[in-house]
Structures are given as structure tokens and as C-alpha cells.
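Observations on the three-dimensional arrangement
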Amino acid sequence: MQKKWLHPVPWDNVLTVNKALCQAQKLEPLSRPVDLEKARILWENAMSRSLSLKEVLDVCRECHELAPFTFNNGNTFAAVGRTVIEECIRSLPPVEGQIVQTTVSHYIAGLIGRRELLQVLKHFEGSWKLTPTHSPEIAQPRKTAAPVLSHAQPQA
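Residues numbered from 1 in each chain as written. Predicted model: local features only at pLDDT ≥ 70, side-chain atom pairs only at ≥ 80, totals over all residues. Heavy atoms only, no water.

For Ala-67, which is not a glycine, the phi torsion comes out positive at approximately 55°. Position of Ala-67 relative to the elements: it lies in the loop between α3 (53–66) and α4 (73–84). Positive phi, normally seen in glycine, also occurs at Asn-72, with a value near 60°. Assignment of secondary structure puts Asn-72 in the loop between α3 and α4. Its relative accessible area of 12% is what places Asn-72 among the buried residues. (Helix = DSSP H or I, 4+ residues; strand = E, 2+ residues; numbered from the N terminus. Buried < 20%, exposed > 50% of the residue type's maximum accessible area, 1.4 Å probe, protein only.)

Chain-level pLDDT for the protein chain is 85 on average; 81% of the residues reach the 70-or-more range. When the criterion is pLDDT under 50, residues 131–156 qualifies, and its contacts beyond four places in sequence or with other chains add up to 28 contacts. (pLDDT = per-residue confidence, 0-100. Contact = heavy atoms within 4.5 Å.)

Let us look at the packing of aromatic side chains. By the definition in use, this model includes five aromatic pairs. Considering the side-chain rings of Trp-11 and Phe-69, the 6.3 Å spacing of their centres and the 15° angle between planes classify their relative orientation as stacked. Remark: Phe-69 occurs in the loop between α3 and α4 and Trp-11 occurs in helix α1 (residues 11–24); sequence separation between them is 58 residues. Of the two residues, Trp-11 and Phe-69, neither departs from the other in class, the shared state being buried. Where Trp-43 meets Phe-77, the ring centres are 6.2 Å apart and the plane angle is 50°; that geometry is what we call tilted. In this pair, Trp-43 is assigned in helix α2 (residues 33–47) and Phe-77 in helix α4, connecting sequence segments 34 residues apart. The exposure class assigned to Trp-43 is buried, which follows from its relative accessible area of 0%. For Phe-77, a relative accessible area of 0% gives the class buried. Put simply, the rings of Trp-11, Trp-43, Phe-69 and Phe-77 pair up and form one aromatic cluster. (Phe/Tyr/Trp six-rings, centres within 6.5 Å; stacked < 30°, edge-to-face > 60°.)

Pasting the structure below:
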């Protein structure tokens, strides 16, 4: 099921998150104007669209990759991503919710790839207790040829 995940998160909220993170570290919340504008356009276009959970996390990651903020760029988009998935993880035990939040944050910041994200989301999606209109849809990974595994014993 798809949802307008970013509808309740206008671009001004993203700016506010960055400003708060910077102020907490006594940093000036600086930005790169051209990249900030590109990220804003990407974000606002996604706000009005129904997206799968994977797609909305991709938007956060793409905005992060544009690097619109000088400081706390990764932390800003990771924080927004964690906020977006709050409803999904609400029914999980705290440790499992933390695993999902950390995985989402690491995906958005580019520390893990698509395959790892999808494995974790797929593992927990059966535990999410959401109404049908809020059920996240996790895009399936593309089919690729499976690697050939050797069953030979290692040589000593």
C-alpha cells in the first residue's frame, strides 16, 4: 500500500530539524543554496505523491546525497526518516524498533545499501500493526542471478 508519507512533513520542517541539530552543537545552520533548492524541489514533489515506504526512504537518501546542508546533513534526513517510520515501529518491542530506526538512518546516510534495508524491513513488516490504509509497502528487490556457492571444504 502506498501513502503520502511526506505530506505531514513540509520542507520548512526539514529546515527546522537542521537548525535545531546545528544549534545543539553551537554551529551556524549553513546551506548550499543551489543544492538546497534542488532538495526542496525533490521533497515538495514527493510530498503530494503516494509512495511506498522504500520510495519515501529513497527520497530522504536522495536529498541527503544532494548535501544541501553544510552541517548535520546526514543527521537531518536520518531524523526525518526516523520520524516518518514512527507509526510503523510503534507496535514493535523497543529493541526491534531501534533496529529498524538505525537501519533506516544508515540507509538514508548511505552507510548500508538497498539489499540490507529491504531485508530488515521485510523481517519486521509482519509485526507492524497498522490499519490497511497505513500499511507500508516495501518494494521487492530486483531479481538478480544468485551467486554460485561452492560447497568445497577450505584447504588447510
